[in-house]
Amino acid sequence: MSRAKLFVLAGPTAVGKGTVAAAMREQHPEIYLSVSATTRQPRPGEVDGVHYHFVTHEEFDRLVDEGQMLEWAVVHGINRYGTPRGPVEEALAAGRPALLEIDLQGARQVRESMPEAVFVFLKPPSWEELVRRLVGRGTEDEEERERRLATARQELAAESEFDVTIVNREVHAAVEELVALMVDSVHNE
Ligand code: 5GP
C-alpha cells in the first residue's frame, strides 16, 4: 500500500473553511479529516472527538511537550488549536488521503515539517463578499470591524504561498473541487 498525500486547507477568516470541512466529513468518509485538539469550550451541537478533542490547557501543554502535535497555534488571540500527529500518520500510511482544516500559522508550520503536503487556499469570490461575511452580522463595533478587515487583507495576501486556490462560490462545488484533487493524488501515485 503506498502512502497517501496530506492536504492542508487554509484561507482567510470567514471564508467558509469550517463549512467546507463539515460537508467533506458528511459526504466523503473515505477521506480522513483530522480532528484537532482545542482549549476552547464546545459550542452547542459540537461533539468531543468528532468536531474537536476538547482539552484543558494542561492537557494541551502535555501534547505539545510530548511532541504529539504536527502543528499548533493560538487562534484569534485566545485559544490554542493543534493537529494530533498520530491519526494523520496512520491514515496516510494506510493509503487514505488526509485533510487538515487549519489557520495560516498552522499551514506555515506544516509547510516546514511536511513540505510534500499539498497546500490549498480557499478564497472568497470577491473582497466585497468577504467583507459581507465578516461584518454581516453587524454585532461588532467600528474598531473591531476595522481590525477584522485588516487581518483579512493580510490573510488574502498569503494566497501566493499555496499550491492551489479554490474559490468558495458555493460549498458543494468547493468540496467537489477539493475531493477531485485528493482523489487524483491517489490515482497518480
Ligand atoms: P473555530 O473555533 O471557529 O472552530 O475555529 C477557529 C479557527 O481555528 C479556524 O480558522 C480554524 O481553521 C482554526 N483551526 C482549527 N483547528 C486547528 C488546528 O488544529 N490548528 C490550527 N493551526 N488552526 C486550527
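The text that follows walks through the structure, step by step, so that each part is easy to find. (Residues numbered from 1 in each chain as written. Predicted model: local features only at pLDDT ≥ 70, side-chain atom pairs only at ≥ 80, totals over all residues. Heavy atoms only, no water.)

Bringing the sheet that holds strand β5 (residues 69-75) into the picture now. One key point about sheets: their strands pair by backbone hydrogen bonds, in either a parallel or an antiparallel sense. With mixed pairing, four strands are arranged side by side in an open sheet as β4-β3-β6-β5. Edge positions in the sheet fall to β4 (53-54) and β5, since each of these pairs with one other strand and no more. Its contacts with the sheet put helix α3 (residues 85-93) on β5 and β6 (79-84), and the angle it makes with β6 is roughly 30 degrees. (Pairing = 2+ DSSP bridges. Helix = DSSP H or I, 4+ residues; strand = E, 2+ residues; numbered from the N terminus. Contact = heavy atoms within 4.5 Å. Axes fitted to C-alpha atoms, helices over the stretch in contact; angles between N-to-C directions.)

Tracing the chain through its elements places H28 in the loop between α1 (17-27) and β2 (32-33). The class for H28 is buried, based on a relative accessible area of 13%. The contacts of H28, once residues within four sequence positions are left out, are V175, E176 and V179. (Buried < 20%, exposed > 50% of the residue type's maximum accessible area, 1.4 Å probe, protein only.)

Here the focus is the site of the ligand. The ligand sits among 15 residues. The nearest are S36, R40, Y52, Y81 and E101. The contact in question runs from an oxygen atom of the ligand to an N or O atom on the side chain of Y81, over 2.5 Å. The backbone of G82 places a nitrogen or oxygen atom 3.2 Å from an oxygen atom of the ligand. Within the complex, 87% of the 510 Å² of free accessible area of the ligand lies under protein. (Near = heavy atom within 4 Å. Polar contact = N/O pair within 3.5 Å; in protein donor to acceptor, adjacent residues only side chain to side chain. Areas by Shrake-Rupley, 256 points an atom, 1.4 Å probe, with all protein chains shown as cover.)

Our next topic: the sheet that holds strand β9 (residues 164-167). Here five strands make up an open sheet; going across it, the order is β2-β7-β1-β8-β9 and the pairing parallel. Unpaired on one side and paired on the other, β2 and β9 mark the two borders of the sheet. Of the strand pairs in this sheet, strand β8 (residues 118-123) and β9 are connected by four bridges, and their pairing is parallel. Bridged to V120 within β9 is V164.

What follows deals with the pattern of salt bridges. Where charged atoms from two side chains of opposite charge come close, those side chains can pair. The full count for this structure, using the stated rule, is 13 salt bridges. For K123, the salt bridge identified is with E159, shortest N-O distance 3.3 Å. You can see K123 sitting in strand β8 and its partner E159 sitting in the loop between α6 (142-156) and β9, a full 36 residues away along the chain. Look at E159 and you get partly exposed, because its relative accessible area is 24%. (Salt bridge = Lys/Arg side-chain N within 4 Å of Asp/Glu carboxyl O.)

Direction vectors running N to C along helix α5 (residues 127-135) and α6 enclose 140 degrees, while the axes themselves pass 11 Å from each other. Considering the angle they form, α5 stands oblique to α6. Two packed elements cross with a definite hand, and for α5 against α6 that hand is right-handed. Each of W127, L130, V131, L134 and V135 in α5 lies in contact with α6, whose residues at this interface are R145, R148, L149, A152, R153 and L156. Grouping the constituent residues of the contact of α5 with α6 by class yields eight nonpolar, no polar and three charged. (Parallel < 35°, antiparallel > 145°, perpendicular 65-115°, else oblique. Left-handed = near helix turned anticlockwise from the far one by under 90°. Nonpolar A, V, L, I, M, F, W, Y, C, P; charged D, E, K, R; others polar.)

Of all the residues in α5, the buried ones are E129, L130, L134 and V135. Elements in contact with the buried residues of α5: α6.

In terms of burial, β6 is largely enclosed, as six of its six residues are buried. Covered by surrounding structure in β6 are N79, Y81 and T83 together with R80, G82 and P84, the residues of both alternating faces. Here two bridges tie strand β3 (residues 37-38) to β6, and the two strands are oriented antiparallel to one another. Paired with A37 across the bridge in β6 is G82. Across six bridges, β5 lies against β6 in antiparallel orientation.

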